[in-house]
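# Understanding the architecture of this molecule
Read off the chains here:
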Amino acid sequence: MSADTSPEAVVQRQLDAYNAKDLEAWLATYAPEARQYEHPATLLAMGQEEIQARTEPRFAEPNLHARLVQRSVAANVVIDHEVVTRTFPEGPGTIEMVCIYVVEEGLIQTASFVFGETHLD
């Protein structure tokens, strides 16, 4: 497996594109029929169109940034612990998240999110 399509490299490209607010590059890391879940099994979005619709408003937030705290990789599963800075309806703040990505054939097939507490500034 080449470094460009390794699960870790794909998830890093996804994180870099997220922080650059580059929606096209970010979506390019997801498979056409990828799914996003609230862990363990609540479907949030299915397919790139729904994933884009769910994420596009977030990319308009002026302070959006995900800081990687820790990453673990086992086979084709990448688990990121992140602190995400956002502008919530109540105001700016952060949320701690655990993101579990399953990568196959160089694309994210599923992403499951564990949402921690929101902390307002």
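Anything mentioned here points back to the structure above.
Residues numbered from 1 in each chain as written. Predicted model: local features only at pLDDT ≥ 70, side-chain atom pairs only at ≥ 80, totals over all residues. Heavy atoms only, no water.

## Remarks on the pairing of strand β6 (residues 107-120)
- Of the pairings in the sheet, the one linking strand β1 (residues 30-38) to β6 comprises five bridges and is parallel in character. Across the sheet, the residue bridging to Y37 is S112, located in β6.
- As paired strands, strand β5 (residues 91-104) and β6 are joined by 11 bridges and run antiparallel to one another. For I100, the partnering residue across the bridge sits in β6 and is S112.
- Between β5 and β6, which pair antiparallel one after the other, the connecting turn spans two residues, and E105 there sits at a positive phi close to 55 degrees. (Pairing = 2+ DSSP bridges. Helix = DSSP H or I, 4+ residues; strand = E, 2+ residues; numbered from the N terminus.)

## Quick look at the pattern of salt bridges
- This model, assessed by the stated rule, comprises two salt bridges.
- The shortest N-O distance in the salt bridge between R86 and E61 comes to 2.6 Å. In this pair, R86 is assigned in strand β4 (residues 77-88) and E61 in the loop between α3 (47-59) and β3 (65-74), connecting sequence segments 25 residues apart. Of the two residues, R86 and E61, both sit in the buried class.
- Two residues, R71 and D80, come together in a salt bridge whose shortest N-O distance is 2.7 Å. One exposure class covers both R71 and D80, and it is buried. (Salt bridge = Lys/Arg side-chain N within 4 Å of Asp/Glu carboxyl O. Buried < 20%, exposed > 50% of the residue type's maximum accessible area, 1.4 Å probe, protein only.)

## Points about the environment of D80
- With respect to the helices and strands, D80 occurs in strand β4.
- Along the primary structure D80 and A25 are separated by 55 residues, whereas in three dimensions their C-alpha atoms are 19 Å apart.
- Setting aside chain neighbours within four positions, we find D80 in contact with V11, L68, Q70, R71, M97, V98, C99 and Y101. (Contact = heavy atoms within 4.5 Å.)

## A word on the environment of L27
- Relative to the helices and strands, L27 is located in helix α2 (residues 23-27).
- L27 sits in the buried class, given a relative accessible area of 8%.
- For the pair formed by L27 and P92, sequence separation is 65 residues and the distance between their alpha carbons is 25 Å.
- Residues in contact with L27, not counting those within four places in the same chain, are Q48, I51 and Q52.

## Some details on the pairing of β3
- Pairing of β3 with β4, which is carried by nine bridges, proceeds in the antiparallel orientation. Paired with A66 across the bridge in β4 is V84.

## Quick word on the packing of aromatic side chains
- Across all of its chains, the model carries five aromatic pairs by this definition.
- Between W26 and Y30, the ring centres sit 4.9 Å apart and the planes meet at 50 degrees, which makes this aromatic pair tilted.
- Through a chain of ring-to-ring contacts, the aromatic side chains of Y18, W26, Y30 and F59 assemble into a single cluster. (Phe/Tyr/Trp six-rings, centres within 6.5 Å; stacked < 30°, edge-to-face > 60°.)

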